[in-house]
Amino acid sequence: MQPVVVKDLTLPELANWIESIGERRFRARQLFRHIYARRVRSWQECSDLSKLFRVQLEFGTCLDALKLIEKQTAADGTRKYLFELHDGHCIESVLIPDPPRQTLCLSSQVGCAMGCRFCVTGSMGFKRNLSVGEIVDQICQVQRDQSRITNLVFMGMGEPLANHESVCKAMQIMLDPNGMAFSHRRITLSTAGLIPQLRRLGEESPVNLAISLHAADDALRSHLMPINKTYPLEQLMAACREYPLPPRKRITFEYILMDRVNDEPGHARKLIKLLHGVRAKVNLIPFNPHPGIPYGQSPAQRILEFQEILQKAQLNTLIRQSRGSDIFAACGQLAAQYSLRQTAKA
Ligand code: SAH
Ligand code: SF4
C-alpha cells in the first residue's frame, strides 16, 4: 500500500484516516500540532503517542511531500527555494523579507496553462497541478530554514484557481488553529480571473484576493492574457463587484507596467473608469524582464506619472518594488531552472 502523505489531509480527513486504522479521532488534532506547530521531522519525536501508533504512522505515512534541492539568496535578501517533486518535476517558492513581514510566495502548479505573454511560468506550458501536501510542504520546509513566515501569497508558479480544490484544502490547513494557524488577513490568492472558481472562492474562503489585470480594455488584455477571451473584463468586473468582501477589505488589482504597451496616461484613465465603484487598491508592478519575453520595463518617470494619475482619482495605489530579480526570483520569473538545466544535460 502507498503511504499516506499526511500533509495532503485536512483535519477531518486525517481524523477519518486515523479512525480507519483503529485509533481515536481526537488524535488528529494531536498529530496536526506535532506536524505544524512543533514541526517534528519524525514520528519518533512524538513521545505522547503510543508505541504501536508510532509504528503505524512510521510505516503507513510519509511526512514530507517535497525534497529541497537548492537555495539561492539574492543581494536584497530574497531567497529562492527549489523543490523536487516525487515524479522529478521541480517547483520554486520565494521568501521575501520586508521587515516586519516575511512573505512566502507559493506555487500552485508545475508550469501554467494560461499562457500570459509576459510570464516565464506561462511560457513553460502546463505540466501538472500540485497536490495539497506539495502546497503545504513549501511552507513547512521554508519554516525549517527560516522559521518566521508572516504572510503567504499565491504568486509563484501556476494559476491557483485552476487547481481550486487542492489550493482550498491547503488553505484550510494554513488557517486551521490546530494546523498552521495563519490569519486570513495574511493569506493572498492572486488569479488571472477564472470567474466560476472566483465565485466559489468568495463563498468558501475569507482570504485576500488579488486580480492580475494588466490592461483595462479587452483588446489589449486578450492579447496579453488569453484567458480574457473566455472571461472578458465586463464579466470579470461584475464578479469583483459581487464578491462577498469582508468588512474593510479591498480587492487588489495587479497591473504590470510594460514599456509603451500599457503604461501611457490614456491607459491609466481607462483603468480609473474600469475600477469605478469597486472596493479596489492597485499594485503597480514594474515589469521584470527575462530572456525570451518580448517586453521591457517602463522608465521610472512614466511609472510615477501613472501612479499620480490614479492617485488624483482617489485610487489607493502602490508601486510594488521588484525583489530578487538578480536570481530570477521576482514575479513572473519562476521557471524552475533546475529542471531546464537537467534537461539540457541529458
Ligand atoms: N497565476 C496567478 C498567480 C501567479 S503570477 C496570476 O496570474 O495572478 C503572480 C503575479 O506575477 C501576477 O500578477 C502576474 O501577472 C505577475 N507577473 C507575471 N509575469 C511577470 C513579469 N514578467 N513581471 C512582473 N510581474 C509578472
Ligand atoms: Fe499563469 Fe499567472 Fe503566469 Fe498568467 S501570469 S501565465 S496566469 S502564472
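Here the structure is shown first, and the text comes after it.
Residues numbered from 1 in each chain as written. Chains lettered and ligands numbered in written order. Predicted model: local features only at pLDDT ≥ 70, side-chain atom pairs only at ≥ 80, totals over all residues. Heavy atoms only, no water.

Caption draft 1: Focus on the side chain of Q141. Take Q141: it is sitting in helix α5 (residues 132-145). For Q141, the contacting residues outside a window of four places in its chain are D64, L66, K67, L68 and F83. (Helix = DSSP H or I, 4+ residues; strand = E, 2+ residues; numbered from the N terminus. Contact = heavy atoms within 4.5 Å.)

Caption draft 2: The arrangement of the environment of I319 in detail. Relative to the helices and strands, I319 resides in strand β14 (residues 316-319). Separated by 65 residues in the primary sequence, I319 and E254 have C-alpha atoms spaced 9.9 Å apart.

Caption draft 3: Up close: the nonpolar core. Of all hydrophobic cores here, the largest spans 114 residues; its most connected members are F118, M171, M174 and F253. A domain-level breakdown of this core finds at least three residues from each of domain 1 (4-62) and domain 2 (67-345). Aside from chain neighbours lying at most four places away, what touches F253 is I211, L213, M237, C240, L275, V278, A280, K281, V282 and N283. (Core = buried A, V, L, I, M, F, W, Y, C linked by side-chain atoms within 4.5 Å. Buried < 20%, exposed > 50% of the residue type's maximum accessible area, 1.4 Å probe, protein only. Domains from an automatic or database assignment.)

Caption draft 4: Expanded view of the pairing of strand β10 (residues 187-191). Counting buried positions over the 5 residues of β10 gives 5, a clear majority of the element. Side chains I187, L189 and T191 of β10 all project onto a buried face; the interleaved residues T188 and S190 project onto the opposite face, where all are buried too. In terms of strand pairing, strand β9 (residues 151-154) meets β10 through 3 bridges, oriented parallel. Its bridge partner lying in β10, F154 is registered against L189. Since β9 and β10 lie parallel, the crossover through helix α6 (residues 164-175) that links them has a hand, and here it is right-handed. Looking at chain direction, β10 and strand β11 (residues 208-212) are connected through 4 bridges and run parallel. (Pairing = 2+ DSSP bridges. Right-handed = clockwise from strand over helix to strand, strands pointing away.)

Caption draft 5: View of the packing of helix α11 (residues 265-274) against helix α12 (residues 300-312). At a minimum axis distance of 9 Å, the contact between α11 and α12 shows a crossing angle of 30°. With respect to α12, the axis of α11 lies roughly parallel. You can see that α11 and α12 cross each other, and the crossing is right-handed. Note on element contacts: α12 touches α11 through F306, I309 and L310, opposite P265, H267, A268, R269, L271 and I272. Partitioned by chemical class, the residues of the contact of α11 with α12 number 7 nonpolar, 1 polar and 1 charged. (Axes fitted to C-alpha atoms, helices over the stretch in contact; angles between N-to-C directions. Parallel < 35°, antiparallel > 145°, perpendicular 65-115°, else oblique. Left-handed = near helix turned anticlockwise from the far one by under 90°. Nonpolar A, V, L, I, M, F, W, Y, C, P; charged D, E, K, R; others polar.)

Caption draft 6: Main features of the packing of aromatic side chains. Per the counting criterion, the structure on display carries 4 aromatic pairs. With a centroid separation of 6.4 Å and an interplanar angle of 10°, the aromatic rings of Y81 and F83 are classed as stacked. Each member of the pair, Y81 as well as F83, carries the same accessibility label: buried. (Phe/Tyr/Trp six-rings, centres within 6.5 Å; stacked < 30°, edge-to-face > 60°.)

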